[in-house]
Amino acid sequence: MKVYNTLNRKKETFVPLEERKVKMYVCGPTVYNLIHIGNARPMIVFDTVRRYLEYKGYEVNFVSNFTDVDDKIIKKAVEEGVSAKEISSRYIEECKKDMAGLNVRPATMHPLATQEIDGMLQMISILIDKGFAYPAVDGTVYFRTRKFEEYGKLSHKNLDDLQAGHREIKVTGEGKEDSLDFVLWKPKKEGEPYWESPWCQGRPGWHIECSVMAKKYLGDEIDIHAGGEDLIFPHHENEIAQSEACNGSAFAKYWLHNGFLNIDNKKMSKSLGNFFTVREISEKYDLQVLRFFMLSAHYRSPLNFSAELMEAAKNGLERILNAAENLEHLKNNSKQAAMTEAESRHWNESSAFVDKFEAAMDDDFNTADAISAVFELVKFCNTNVSQDSSQQFLEKLSMRLKQLCDILGLLLEKKQEILDEEIESLIAERKAARKEKNFARADEIREILLEKGIILEDTREGVKWKRA
Ligand code: AMP
Ligand code: ZN
């Protein structure tokens with residue numbers, strides 16, 4: 001299996017540190033809002049990487065954090081007049097709902113930055129003891145970037161070029177030795193959450209969180225570290241500096257980065273008004289369509305999101321689901337149990353699609369080509385099965401299709417669509433039940449609708465409903 005390693009800018013044969021085991025860390029979102037569809041890309045692609053590694057027989061320890069202390073969280077908390085904890089807890093829960101909708105499996109461990117402060121204080125102390133960090137007079141602790149000789153090895157940046165870029169930036173903070181130095185710990189500002197430390201009451205910088213959580217839950221050396229390409233510099237570069245300086249060993253063997261998702265060929269941004277949350281997309285599409293759409297491109301390529309491309313993804317996924325449904329239907333009505341000789345031959349032939357799928361995934365997780373192999377299997381099924389096919393043949397083909405779709409995290413069951421008229425008629429029935437004081441039936445109807453993803457709201461103007 002080959003994976004593209006950002007560290008060496010080439011595809012390399014994947015050899016884990018420990019046989020049959022993979023230690024993988026993926027930088028998670030900062031939780032101050034509903035996640036947007038750009039955030040969903042690393043979630044989907046690295047969940048697929050994990051699924052494929054498991055399919056290949058590796059035991060994957062998959063750790064992905066939630067950054068639950070950050071300027072944006074604090075700002076939102078101030079705006080709403082609630083605590084930062086309330087904001088982060090709320091959006092962690094919402095994020096988990098979106099992940100479930102996208103069929104992204106929960107990580108082995110989802111650590112929270114605020115629960116790992118002790119580890120951060122410890123790592124910062126070690127860095128100070130080793131001369132890689134220093135406290136300034138105001139209590140800010142900085143990493144001494146130039147002391148880490150390999151700084152820049154991931155982003156392929158040269159320190160002098162970086163310094164030149166910094167010339168305009170004043171060395172802020174009294175006692176900061178070099179404009180290249182970055183923050184490990186910073187003093188609290190009025191009203192902000194803070195923790196005690198030997199340097200000042202304050203909170204951690206963003207980069208130190210991931211170094212500490214990866215070390216605690218996976219160890220000093222890990223196999224795969226992943227995230228969006230915007231994290232290469234400075235976040236991942238800084239993580240390497242902190243971890244390697246502290247641990248005295250290499251940090252991550254393979255660095256994987258997904259390309260960016262753009263909207264109608266423009267950078268997604270709130271100010272441009274081309275910004276979509278996963279929740280908004282879920283009001284129009286089954287989130288499986290979004291997952292399928294994301295996997296239709298190679299994870300390192302930039303990916304453009306548009307209404308037309310989502311429609312194409314919807315149709316593509318539909319073709320696969322129809323084939324699966326057809327196999328199931330024929331199987332349930334088949335009169336013949338065992339495979340015929342011709343079917344046996346066909347069955348053997350169909351393994352070529354699995355080979356093709358694996359070859360694509362072995363080549364740096366090329367899900368686009370893997371999906372082509374699934375389409376070929378779908379076409380093969382459609383042309384080689386009929387009412388006369390045996391149950392065994394249909395069952396085997398059905399399992400083969402399911403196995404490949406499972407790796408991509410695509411669910412084969414079609415969601416029963418509920419039509420607006422059905423909803424309206426159930427709401428009317430609920431209203432009548434309530435009038436007759438049959439609250440049991442009224443509650444039952446609310447539950448039925450909820451199961452179908454319809455949320456009811458009793459308002460002064462009557463009952464309103466929306467799709468979850
Ligand atoms: P953040 O919450 O900004 O730290 O982002 C969480 C993850 O989403 C990181 O891995 C980012 O690189 C990734 N990400 C953010 N925006 C996009 C985008 N437009 N396309 C792809 N990945 C993104
Ligand atoms: Zn990180």
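Below is a summary of the structure that appears in this document. (Residues numbered from 1 in each chain as written. Chains lettered and ligands numbered in written order. Predicted model: local features only at pLDDT ≥ 70, side-chain atom pairs only at ≥ 80, totals over all residues. Heavy atoms only, no water.)

**So, the overall build of the protein**
Threshold: Think of it this way: any DSSP run of H or I at least four residues long counts as a helix, any run of E at least two long counts as a strand, and we number them from the N terminus. Any residue under 20% of the maximum accessible area for its type is buried, any over 50% is exposed, and the rest in between are partly exposed; the area is computed with a 1.4 Å probe on protein chains only. Contact definition: two residues touch when any of their heavy atoms are within 4.5 Å. In these tables, accessible area is a Shrake-Rupley quantity obtained with a 1.4 Å probe, and a residue counts as shielded only by the protein chains included in the view. Positive residues here are Lys and Arg, negative ones are Asp and Glu, while His and the chain termini are left out of the count. The atom standing in for a charge is NZ when the residue is Lys, CZ when it is Arg, CG when it is Asp and CD when it is Glu.
Helix and strand content of the protein: 15 helices and 15 strands. Along the first, second and third principal axes, the C-alpha atoms of the protein reach 80 × 65 × 35 Å. For the protein, buried positions account for 50% of its 468 residues. Sequence-distant contacts, at least 24 apart, represent 75% of the contacts inside the protein between residues at least 6 apart. Carbon and sulfur atoms make up 49% of the accessible area of the protein, which amounts to about 22,800 Å² in all. Where the 66 positive side-chain charges of the protein centre and where its 77 negative ones centre are 1 Å apart.

**Considerations on the site of ligand 1**
Worth spelling out the cut-off: If a single non-hydrogen atom of a residue is within 4 Å of a molecule or strand, that residue counts as near it. Under this definition, polar contacts are N or O atom pairs within 3.5 Å; protein pairs additionally need one hydrogen-donor-capable and one acceptor-capable atom, and for neighbouring residues in sequence, both atoms have to be side-chain atoms.
Neighbouring ligand 1 are 14 residues; Thr30, Gly38, Gly228, Asp230 and Leu261 lie closest to it. Residue Thr30 places a main-chain N or O atom 3.0 Å away from an oxygen atom belonging to ligand 1. One of the side-chain N or O atoms of Asn39 is found 3.2 Å from an oxygen atom in ligand 1. Among the elements of the structure, helix H1 (37-55) and strand E9 (222-228) are those that each provide at least two residues to the shell around ligand 1. At three residues, H1 tops the list of elements feeding residues into the shell around ligand 1.

**Digging into the sheet that holds strand E8 (residues 202-204)**
Test applied: When DSSP finds at least two bridges between two strands, those strands are taken to pair. Each axis is a line fitted through C-alpha atoms, and for a helix only the stretch in contact is used; angles between axes span 0 to 180 degrees, taken between their N-to-C directions.
The four strands lie next to each other as E5-E6-E7-E8, forming an open sheet whose pairing is antiparallel. Edge positions in the sheet fall to strand E5 (133-135) and E8, since each has one partner strand and no second. In this sheet, adjacent strand axes meet at a mean angle of 20 degrees when their direction is disregarded. Across three bridges, the pairing between strand E7 (residues 182-187) and E8 is antiparallel. The residue of E8 that forms the bridge with Lys186 is Arg203.

**A look at the coordination of the zinc ion (ligand 2)**
Inclusion rule: Here a donor is an N, O or S atom found within 2.8 Å of the metal, or within 3.2 Å if the metal is Na, K or Ca; sites may look incomplete because water is not among the atoms. Key to geometry: four donors with every angle between 85 and 135 degrees are tetrahedral; four donors are square planar and six octahedral where opposite donors lie over 155 degrees apart and all remaining angles lie between 65 and 115; all other sites are irregular.
Coordination sphere of the zinc ion (ligand 2), protein contribution only: Cys27 (SG), Cys210 (SG), His235 (NE2) and Glu239 (OE), at 2.0 to 2.7 Å. Coordination geometry of the zinc ion (ligand 2): the four donor atoms subtend angles of 73 to 128 degrees at the metal centre, consistent with an arrangement described as irregular. Sequence spacing of the donors to the zinc ion (ligand 2): C-x182-C-x24-H-x3-E. In this pair, His235 and Glu239 are both assigned in helix H7 (residues 232-247), four residues apart and thus about one turn of the helix distant. In this structure, His235 and Glu239 share a single accessibility class: buried.

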